[in-house]
Amino acid sequence: MARDYYEILGVTNQATEAELKKAFRGMAMQYHPDRNAGNKEAEERFKEISEAYGVLSDPDKRAYYDRFGTAPATGPGGGGGFEGGFGSLFEDIFENFLGGRGGGRRTRAARGEDLQYELKITLEEAAAGLETKVQIPRLESCEPCGATGAEPGTRKVSCEACGGRGEVRMSHGFLTVARPCPKCQGEGQINKNPCKACRGEGRQRAEHMLSIKIPPGIDDGMQLRLTGEGAGGLNGGPPGDLYVLVRIREHAMFARNGGDLFCDLPVSFPQLALGAELDVPVLGGSAALKVPAGSQPGQILRLRGKGMPHLRERGHGDACYRLLLEVPHKLNGKQREALEAFEAASKDRGPLATSFLERMKKLLG
Ligand SMILES: [Zn+2]
Ligand SMILES: [Zn+2]
């Protein structure tokens, strides 16, 4: 047998709205879970008075109750009959209760998360620029429910266990510990009719095809921001942004420094001494590099404008070739003969050797 709602609140069936509210407030303060952590009896009592007040505070429901002695059924699951405006009622009553967060949580619009997508490209692609399509997995706002998670036409209701705060407080002696409300998982709200399209999540997983345009000259580690292409927002909040992190694959020939490209170029002693025209790699092909006679090992020769395009200005950097002298590991007879003849014919030493010998002579006295 259901107990009489008026009896539960300790008022007569002639009680005014203000009298009802006053009675409920007093009892709710007494039995509120925040003050009775772990007390099952208080919890039951609190539910009872909440249900009674939920019905009697609504003139229509009260009239129905007065006539039939039971609360009007409210949709599937019916029962209590105090959903609807109960959330705001609670916020009203408990506004300053326990120094709470003033009105508790509401369905707040939340911006979607920013996402990052790593895009690996080649150095050639970085030089030429690139337009590519990528598939981004993301959460998108559910359209039918407006990303609220509640079935269209319904609303979430404030959680009765925590008064919409999303947390409950437990007292241990002088210490009050707040923890997430177990009933609503800290949401402060209960979703009684989850949206069927998104199963109450407010968002749905989707694979989104996106066209990405990479400007020529982009460098490794740079990010492009695509505004509004991140995860969808909740409750009408805007979507987040998508950051495309560009990673440039290691190149077989070139290391990069800003607009310049660097390549180690192995050369022989005769090529340095006599000069040579060598076929060298450039991006997308090859080019002729003139090594002047008398070039030194370690020297850097440049092909102007054959490097990477500058990202924010006109023009290109250089392709740079560092001359690496490779001495033969073994000589055949002909090479030995030629080199011995060369050494025999060499009377003058270069400036480095001459300076070295002079300094050494001075040191030894
Ligand atoms: Zn709760
Ligand atoms: Zn939905």
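Relevant structure appears above.
Below you will find a few notes about this structure. Everything numeric here is computed off the predicted structure, so don't read it as measured data.

### Some words on the coordination of the zinc ion (ligand 1)
And step 1. At this site the zinc ion (ligand 1) is bound by Cys159 (SG), Cys162 (SG), Cys181 (SG) and Cys184 (SG), with donor distances of 2.2 to 2.4 Å.
And step 2. If you look at the zinc ion (ligand 1), its 4 donor atoms make angles of 101 to 114 degrees with each other, and the shape they trace is tetrahedral.
And step 3. Among the residues examined, Cys159 registers a relative accessible area of 0% and is labelled buried.

### Details of the packing of helix H2 (residues 17–31) against helix H3 (residues 40–56)
And step 1. Running from N to C, H2 and H3 point in directions that differ by 160 degrees, and their axes come no closer than 9 Å. One finds that H2 runs roughly antiparallel with respect to H3. You can see that H2 and H3 cross each other, and the crossing is left-handed. Counted together, Leu20, Lys21, Phe24, Met27, Ala28 and Tyr31 of H2 and Ala42, Arg45, Phe46, Ile49, Ser50, Tyr53 and Leu56 of H3 form the full contact between these two elements.
And step 2. The class makeup of the residues in the contact of H2 with H3 is 10 nonpolar, 1 polar and 2 charged.

### Looking at the pairing of strand E13 (residues 285–291)
And step 1. For strand E12 (residues 276–282) and E13, the ladder comprises 7 bridges, and the chain directions are antiparallel. Pairing of Asp279 across the sheet is with Ala288, part of E13.
And step 2. With antiparallel pairing between neighbouring strands as the criterion, E12 and E13 make up a hairpin whose turn holds 2 residues, including Gly284 at a positive phi of roughly 80 degrees.

### Describing the packing of aromatic side chains
And step 1. All told, the structure shown has 5 aromatic pairs when counted by the stated rule.
And step 2. Ring centres of Phe254 and Tyr321 lie 6.5 Å apart, and the angle between their planes is 65 degrees; on these two criteria the pair is classed as edge-to-face. Taken together, the residues Phe254 in the loop between strand E9 (242–248) and strand E10 (255–257) and Tyr321 in strand E15 (residues 319–325) connect sequence positions 67 residues apart.
And step 3. An angle of 75 degrees between the planes, with centres 5.6 Å apart, marks the rings of Phe269 and Phe342 as edge-to-face. In this pair, Phe269 is assigned in helix H7 (residues 269–274) and Phe342 in helix H8 (residues 333–345), connecting sequence segments 73 residues apart.
And step 4. A relative accessible area of 39% places Phe269 in the partly exposed class.

### Regarding the pattern of salt bridges
And step 1. Tallied over the entire structure, the rule returns 19 salt bridges.
And step 2. In this structure, Glu43 and Lys40 form a salt bridge, with 3.7 Å as the shortest nitrogen-oxygen distance. Linking Glu43 with Lys40, this pair stays in helix H3, spanning 3 residues, or about one helical turn.
And step 3. When the shortest N-O distance is used, the salt bridge between Glu113 and Arg203 registers 2.9 Å. A residue pair is termed long-range when its members are at least 10 positions apart, and Glu113 in the loop between helix H5 (86–93) and strand E1 (115–121) and Arg203 in strand E7 (residues 203–214) qualify at 90 residues.
And step 4. The exposure class assigned to Arg203 is buried, which follows from its relative accessible area of 13%.

What counts and what doesn't
- Residues numbered from 1 in each chain as written.
- Chains lettered and ligands numbered in written order.
- Predicted model: local features only at pLDDT ≥ 70, side-chain atom pairs only at ≥ 80, totals over all residues.
- Heavy atoms only, no water.
- Donors = N, O, S within 2.8 Å, 3.2 Å for Na, K, Ca; no water.
- Tetrahedral: all angles 85-135°; square planar, octahedral: opposite > 155°, others 65-115°.
- Buried < 20%, exposed > 50% of the residue type's maximum accessible area, 1.4 Å probe, protein only.
- Axes fitted to C-alpha atoms, helices over the stretch in contact; angles between N-to-C directions.
- Helix = DSSP H or I, 4+ residues; strand = E, 2+ residues; numbered from the N terminus.
- Parallel < 35°, antiparallel > 145°, perpendicular 65-115°, else oblique.
- Left-handed = near helix turned anticlockwise from the far one by under 90°.
- Contact = heavy atoms within 4.5 Å.
- Nonpolar A, V, L, I, M, F, W, Y, C, P; charged D, E, K, R; others polar.
- Pairing = 2+ DSSP bridges.
- Phe/Tyr/Trp six-rings, centres within 6.5 Å; stacked < 30°, edge-to-face > 60°.
- Salt bridge = Lys/Arg side-chain N within 4 Å of Asp/Glu carboxyl O.

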